[in-house]
Each structure stands twice: as structure tokens, then as C-alpha cells.
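Architecture at a glance
Each chain is listed here by its residues.
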Amino acid sequence: MNKVSIIVPVYHVAQYLEQCVSSLLNQTYTNIEIILVDDGGDDECPDMCRRYAQKDDRVVYVRKENGGLTSARKKGLETITGDFVMYVDGDDWLEPQTVQRTVETNIKYDADITLFGYKRVYEDVTFESSIFEGNQQFVGEEVQRLHRMLVGPVDSELAHVEKTERIVTTWGKLYRREVADEAIFVSEREVGSAEDAIYNLGVFAVAKKCVYLDEFLYNYRKSNENSITKKYRSKLVAQWQCLYQHFERYIKENGLGQEYKIALNNRIALGMLGIGLNELESDKRFLGKSKYLRKVLKQPKWENAFKQLDFKYFPMKWKVFYSLCKYKQAELLLILLKIIRKLKTKIAH
């Protein structure tokens, strides 16, 4: 019976940690080890982690200096003894059959990576999120396509802007240990977000076969107000420029083709949604926010991205949004962003 190592970065998630760990301890698949990586928090989490480790010998407690989510995942990977690897964030939780269903699927198809669907859990509503339509297998060039999708969408993939980032997460996957060891770790403090995409570039590059299980086995909590995605990030644009440089360097060093370059340009253009929503949370007045967005859109990286962006695949709502970006209509863009923020859960569905 293969052992599954579940890595859980833990930092200031005391109110959610019990639900997370309980969901792991109560898995129908019992040959697991749970690596709780305490990232130097000063709340109740360290004591909670110690208690879990004392009560169940499947739990391993690891304490480290604060270094962020990526460093905690890396420390966890250095600690594991399992044949398979799974990541779960400390404020999320698994369905009881998650490990069993993914291990069975992985073994049945002899896959390197098993991907699966998830639920986005808000305070009052939950949405089921598929990555693909129905169960699928990916071999050879199909795995290469998944690898490229980590960089960004191309062609008809642009018809579903809201789905383009669903594939990039480290959670929502079961990795064979051998491919997990090829991960690329870059701190979210350096790149702002999408560090998961960079992690998976290394993993999918060596994968020979992947399978997708169209079952919603992971619960992604969207109501944690302490989450990094809930706060205004003043360095986000600079961090994303660093992120894009990582992608550019990876594409160049690995001799990847034009499709990867188009995918990156599309990522840069589509990223204006995140930049705009982030700017809404700043304490600037309306004109200050619009001035900032126009300044970003005038930068060569964004101007070039919008020049190359193919609008024909967009549904109308995104065609309007990204047209305002292309023509630097910052005031109208801000108004539309306020509407998007208000209706965000409905648009994401």
C-alpha cells in the first residue's frame, strides 16, 4: 500500500486548522503522513500542531523560521517519506475520499500527476470548479500542452478567462514523489502570486502521463480575510514583473517555442484584472487609482501584450473589459472593476 505524504503549510490559521487536519486524519485511505510545517507563527497554531503530532503518529510537526508559503512547502517536501505527495493549505480541507480516489486513479492509469476538481467555498455559497470537461488522460504532446497552459492560455482557451488559472495550483493534485522532486521553488514574496505555476513548470516538464479526475475533492476556502489575496498589495505590479521575468527566462533557457511566448503575453494582458481589483483596495482616491492604472498600461510590457492579444475568442464581457485596458480607458475601467468586484462570485461561476 503506497504511502501518501500530505504537506500542510501552517501560518496564522488557528481558526481553520482543526477542520483542515481533521479532514486529513479521517481520510478513507489510511497510509498517510501529514507534515505540518509551522512557518514561525506566533498564534495558537504551533501548540495545535504539537498536539496533533502527539495524538497521532501519522502527523509530523516541523517548526521553521518564517519564510512564507513557498519555503514551508519546500521544507515539507524535504521531510516526506511517502511515494506520493499532496499539498493542502492550512485553511482548506479535503473530502474524506480524496486520497483514496486519487491514488486509485493514479495507479489505474500509471500516471505521474493526478489532477482533480475543487470547490470554492464562500461564506454563503459554494461553487464547483472543473479544470476540464469530464475525466481525461494526457500523454506526450498533451502533457506538453498542460505544461504550456501553466504559462498562460492561447486561442480558444481565452474564451474562459475565469478558468485559466485553475490548472496552476499545487493543491488539487497528487504527484508521484519522483516528479515532485523536480519542482521549482520561487517565493511568493518575490513574485506576488502564481508561484504555484512556476513550481509546476518543473514538475510537468518531466511528467510522462497525467490524468484528470472530474470530482470535486478539495475545498478551497474563499472567506479567509487574512489570506494574501484579500489584502491590498502595494508591490504587486513590481512582483508580477519579476514573475514574468521568471517565465521569460524559463522559456528561453529551455528553448520553448512561439506558443509559450504568446501564452506569456496573454498572461500579462489578462493579469490586468488582478492588478485592477488590487488597486481598488488601495486608499487612493478615484483619480489616483485611474492614474496608476493608466501608468501601468503605458508600460511597454503591457502595451505589447495588448497589441498581440487576440480578442476574437472573448465573450462580450471580457471583450469590453480588455478593450478598455488596450485603449487605456482607466476611468471607465475602474467603474467596470467596481461592478466586477461586486458581482465577483457570480462572474467566477
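Structure: above.
None of these values were measured; they are calculated from a predicted model. (Residues numbered from 1 in each chain as written. Predicted model: local features only at pLDDT ≥ 70, side-chain atom pairs only at ≥ 80, totals over all residues. Heavy atoms only, no water.)

1. Digging into the overall build of the protein
Looking only at helices and strands, the protein features 16 helices and ten strands. For the protein, the C-alpha radius of gyration of 20 Å lies close to 20 Å, the compact-globule estimate for 349 residues. For the protein, the spread of C-alpha atoms along the principal axes amounts to about 60 × 45 × 35 Å. Put simply, the protein has 349 residues, and 55% of those count as buried. Of the contacts formed within the protein by residues at least 6 apart in sequence, a portion of 80% connects residues at least 24 apart. (Helix = DSSP H or I, 4+ residues; strand = E, 2+ residues; numbered from the N terminus. Rg over C-alpha atoms; globule rule 2.2 N^0.38 Å. Buried < 20%, exposed > 50% of the residue type's maximum accessible area, 1.4 Å probe, protein only. Contact = heavy atoms within 4.5 Å.)

2. Quick word on the pattern of salt bridges
Within the structure shown, the criterion is met by 20 salt bridges. In this structure, Arg73 engages Asp89 in a salt bridge whose closest nitrogen and oxygen atoms are separated by 3.1 Å. With Arg73 in helix H3 (residues 69-79) and Asp89 in the loop between strand S4 (84-87) and strand S5 (93-94), this pair connects stretches of sequence that are 16 residues apart. Each of the two residues, Arg73 as well as Asp89, counts as buried. Asp196 is the partner of Arg73 in a salt bridge, and the nearest nitrogen-oxygen pair spans 2.6 Å. With a gap of 123 residues between them, Arg73 in helix H3 and Asp196 in helix H8 (residues 195-206) connect regions that are remote in the sequence. The exposure classification of Arg73 matches that of Asp196, with both residues buried. By sharing partners, the salt bridges in this structure join Arg145, Arg148, Glu157 and Glu259 into a single network. (Salt bridge = Lys/Arg side-chain N within 4 Å of Asp/Glu carboxyl O.)

3. Overview of the environment of Ile34
Take Ile34: it is sitting in strand S2 (residues 32-38). On the basis of relative accessibility, which here comes to 0%, the residue Ile34 falls in the buried class. Separated by 33 residues in sequence, Ile34 and Gly67 have C-alpha atoms that sit 20 Å apart. Here Ile34 is in contact with Ile6, Val8, Leu24, Leu25, Arg58, Val59 and Val60, once residues within four sequence places are set aside.

4. So, helix H4 (residues 98-109)
The end-to-end C-alpha distance of H4, which contains twelve residues, comes to 17 Å, matching closely the 16 Å that a straight helix rising 1.5 Å per residue would cover. Those residues of H4 that fall on the buried side of the exposure criterion are Thr98, Val99, Thr102, Val103, Thr105 and Asn106. Down the axis of H4, the buried side of the element spans an arc of 165°, and every buried residue falls inside it. Of the residues flanking the end of H4, it is Asp110, one or two places downstream, whose phi is positive at about 50°. (Expected span 1.5 Å × (residues − 1). Arc of directions from axis to C-beta.)

5. Section: the environment of Thr126
The topology assignment puts Thr126 in strand S7 (residues 126-129). Residue classification places Thr126 among the partly exposed residues on the basis of a relative accessible area of 43%. The spatial distance from the C-alpha of Thr126 to the C-alpha of Lys222 is 9.3 Å, given a sequence separation of 96 residues. Dropping the residues within four chain positions of it, Thr126 is found in contact with Lys119, Arg120 and Val121.

6. Re the packing of helix H10 (residues 258-270) against helix H11 (residues 272-280)
Viewed as axis vectors pointing N to C, H10 and H11 meet at an angle of 20°, and their least axial separation amounts to 5 Å. The angle between H10 and H11 places the two elements in the roughly parallel class. Residues Ile268, Ala269 and Leu270 of H10 form the contact with H11, whose participating residues are Met272, Leu273 and Gly274. For the contact of H10 with H11, a count of residues per class yields five nonpolar, one polar and no charged. (Axes fitted to C-alpha atoms, helices over the stretch in contact; angles between N-to-C directions. Parallel < 35°, antiparallel > 145°, perpendicular 65-115°, else oblique. Nonpolar A, V, L, I, M, F, W, Y, C, P; charged D, E, K, R; others polar.)

7. Brief notes about the packing of H11 against helix H12 (residues 286-297)
Their axes nearest at 10 Å, the elements H11 and H12 cross at an angle of 155°. Classified by the angle between their axes, H11 and H12 sit roughly antiparallel to one another. Two packed elements cross with a definite hand, and for H11 against H12 that hand is right-handed. Of the residues in H12, those touching H11 at Met272, Ile275, Gly276, Glu279 and Leu280 are Lys289, Tyr292, Leu293, Val296 and Leu297. Among the residues forming the contact of H11 with H12, the class breakdown is seven nonpolar, one polar and two charged. (Left-handed = near helix turned anticlockwise from the far one by under 90°.)

8. What about a nonpolar patch on the surface?
On the surface, Phe286, Leu287, Leu332, Ile335, Ile339 and Leu343 cluster together into a nonpolar patch covering about 540 Å² of accessible area. Only H12 and helix H15 (330-342) provide two or more residues apiece to the nonpolar patch. Of all the elements, H15 adds the most residues to the nonpolar patch, at three residues. Its place among the elements puts Leu332 in helix H15. (Patch = residues over 30% accessible without salt bridge, like charges linked within 9 Å, V, L, I, M, F, W, Y side chains within 5 Å. Areas by Shrake-Rupley, 256 points an atom, 1.4 Å probe, with all protein chains shown as cover.)

9. A short note on the packing of aromatic side chains
Taken as a whole and judged by the stated rule, the model has 18 aromatic pairs. Look at Tyr175 and Tyr199: their rings are 5.8 Å apart centre to centre, the planes differ by 65°, and that puts the pair in the edge-to-face class. Remark: Tyr199 occurs in helix H8 and Tyr175 occurs in strand S9 (residues 173-176); sequence separation between them is 24 residues. With relative accessibility at 3%, the residue Tyr199 sits in the buried group. Between Phe321 and Tyr322 the ring centres are 4.8 Å apart and the planes differ by 85°, which places this aromatic pair in the edge-to-face class. Exposure remark for Phe321: the relative accessible area of 0% places this residue in the buried category. The cationic tip of Lys284 hangs over the ring face of Tyr292; the distance from NZ or CZ to the ring centre is 4.7 Å. (Phe/Tyr/Trp six-rings, centres within 6.5 Å; stacked < 30°, edge-to-face > 60°. Lys NZ or Arg CZ within 6 Å of the ring centre and 35° of its normal.)

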